[in-house]
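The lines below spell out each chain.
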Amino acid sequence: MTSTDDSFDVAVIGLGPVGGTLANILGARGIRTLVLERQPVAYHLPRAVAFDDEIMRIFQSLGLSEQMAGITAVGEGVDFVDAEGNMLVTWPRPKVLGPNGWYVNYRFHQPALEQVLRDGMARYPHVETRLGNEVRSIDQDADGVTLTVAGNGGSEVGAVRAAFVVGCDGANSLTREALGTEFDDLGFNEPWVVADLVLKQDREDLTPRSIHYCDPARSATYVFVGAGRRRWEFRLRPDDDPSRITEPGNVWRLLSKWITPDEAELERAVVYTFRSAVAMSWRRGRVMIAGDAAHLTPPFMGQGMCAGIRDAFNLGWKLDQVITGGSETDLLETYQSERDPHVRAFIELTVQMGQVINTTADALAAGNVAEVGEGRQEISQLRPALGPGLKAGTSALTGHLFPQPRLSRGERLDDRIGSRWALILKHPYRDLVPAEAVRRAAGQGIAVIGEDSPELEEWFDASGLVAVMMRPDRYILGGAADIEEVGNLIDHSRSALRVAKRRPSTQSAAPR
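Cut-offs used in this document
Residues numbered from 1 in each chain as written. Predicted model: local features only at pLDDT ≥ 70, side-chain atom pairs only at ≥ 80, totals over all residues. Heavy atoms only, no water. Core = buried A, V, L, I, M, F, W, Y, C linked by side-chain atoms within 4.5 Å. Buried < 20%, exposed > 50% of the residue type's maximum accessible area, 1.4 Å probe, protein only. Helix = DSSP H or I, 4+ residues; strand = E, 2+ residues; numbered from the N terminus. Pairing = 2+ DSSP bridges. Axes fitted to C-alpha atoms, helices over the stretch in contact; angles between N-to-C directions.

### A short note on the nonpolar core
Step number 1: Counting 116 residues, the largest nonpolar core has F51, L147 and L319 as the members making the most contacts within it.
Step number 2: Ranked by the residues each element gives to this core, the list is headed by helix 7 (residues 304-324), at 11 residues.
Step number 3: Among the nonpolar cores identified, the runner-up in size contains 22 residues, and Y213, W232, I245 and L255 belong to it.

Take a look at the structure:
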């Protein structure tokens, strides 16, 4: 390892799905990035098992959606049933493309997903990965951050320097500790045993539809993981011995209602404590946290990893804007203010799901839940808005995710735009916008889209707007209700970011 000459724009601590996604985002934007991972090899067992259409859209933006489609299976809905098998709550997720242009649920084997991300990082010579390197200390000053790093089992200790540091280092985050912040406990804290199995033979009854068994004797969940893989989760009872319940004989007794050792191999069994918590502070100066370092979500919605990847997408373009785009560093203050309420919305519904599973409640109360008769409820896909942050122009839809329709030539919206901002206009307003306003947008690197797309027209008709400004993370910055407001929307967008003229991002901006 080297010491004083090791300088980077961003150092990412931790190479799980969140760190790998962030490194790909920064790599695609030309940011000189160092990824530090204390484990010498990738973890080989499953952990997270699901992501949604917004996350596949993020992978699309990184040029990795084709690879991700190759290692995933499309999941179906989720049912909550009582001890007698009666339906309590259902969450239908039909196999149709959603507003983001992808299926609403994908199942995967995490080691395969991480390999896709690592292969993606290898495309960028300015992204360096150091495995088997453990960060021991994080010290920042006005100009950057110094990391003390131990490699080769601690036999080599050196220092690296970065303009910014992002800790994607999990629930026991050293980076969060360095920020001096604590978790805000949101009230769910339960030990469950998680058993992952590899099927030896097909079982048509073990469908892609997941099931929560709301049984007061023993709450349980069946999870479709993908081709040949299944997971069961069981809530521990007070009389369970956590140190012994994961012994194979005990696990197979728990599984005996559904499957036997003749039909599957037990890949692993482990006790996890499912928690709901959000860190009080996600940033101090040049150091930030993301993923499980910033928030913990019980697994009942499959949104834990998704939340971390959304963190990375929100933070990645903002770091680029500060490092190469001329924005002030206080742009980074909008990272937590936008993401914290968004992740809390998912955690709140997930905790309610946990209460139903444990039969401590008989109904969900979230705003995306509807009564469907005979005492049953139906969940719709939760798509909360971002919290307070950047905005411009008419702001009624600020912070909402903009859909991804097909454009007139058949390509998806994001494939046309790339990683740019986009001014999206209702057709035929494209020809009515003053040429000077279009030139101003182009001069700021903003794509201008105004096509005769039925899906776009339907969205604009419902919104009452004639134009929106879409951020690089596909969320709406603001809109315009008439053509006279479009020029102001462009100018307000620039003011919101305080953006100077972009300079090339191929050189390191890290302090030397």
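### With respect to the sheet that holds strand 3 (residues 50-51)
Step number 1: Pairing in this open sheet of 3 strands is antiparallel, and the strands run 3-7-4 from one edge to the other. The open sheet has two edge strands with one neighbour each: strand 3 and strand 4 (72-74).
Step number 2: Relative to strand 7 (residues 106-108), strand 4 runs antiparallel, the two sharing 3 bridges. Within the sheet, the bridge partner assigned to A73 lies in strand 7 and is R107.

### Examining the pairing of strand 16 (residues 264-279)
Step number 1: Taken together, the 14 bridges between strand 12 (residues 183-199) and strand 16 define a ladder with antiparallel strand orientation. Among the inter-strand pairings, D185 is bridged to a residue of strand 16, identified as A277.
Step number 2: In this sheet, strand 19 (residues 295-296) lies alongside strand 16 in antiparallel orientation, the contact comprising 2 bridges. The residue of strand 19 that forms the bridge with A277 is L296.

### Examining unusual backbone geometry
Step number 1: Going from H427 to P428, the amide bond is cis rather than trans, its omega being 10°.
Step number 2: Here the phi dihedral of R474 falls at roughly 75°; this positive angle occurs in a residue that is not glycine.
Step number 3: Topologically, R474 is positioned in the loop between strand 24 (467-470) and strand 25 (476-480).
Step number 4: On the accessibility criterion, R474 (2% relative accessible area) is buried.

### What to know about the sheet that holds strand 24
Step number 1: Taken in spatial order, the 4 strands make up an open sheet running 23-22-24-25, and their pairing is mixed. Two strands lie at the open edges of the sheet, namely strand 23 (446-449) and strand 25, each paired on one side alone. Strand-to-strand twist across the sheet, computed as the mean angle between neighbouring axes with direction ignored, equals 15°.
Step number 2: Pairing of strand 22 (residues 421-425) with strand 24 involves 4 bridges; the strand directions are antiparallel. Across the sheet, residue L425 finds its bridge partner in strand 24, namely A467.

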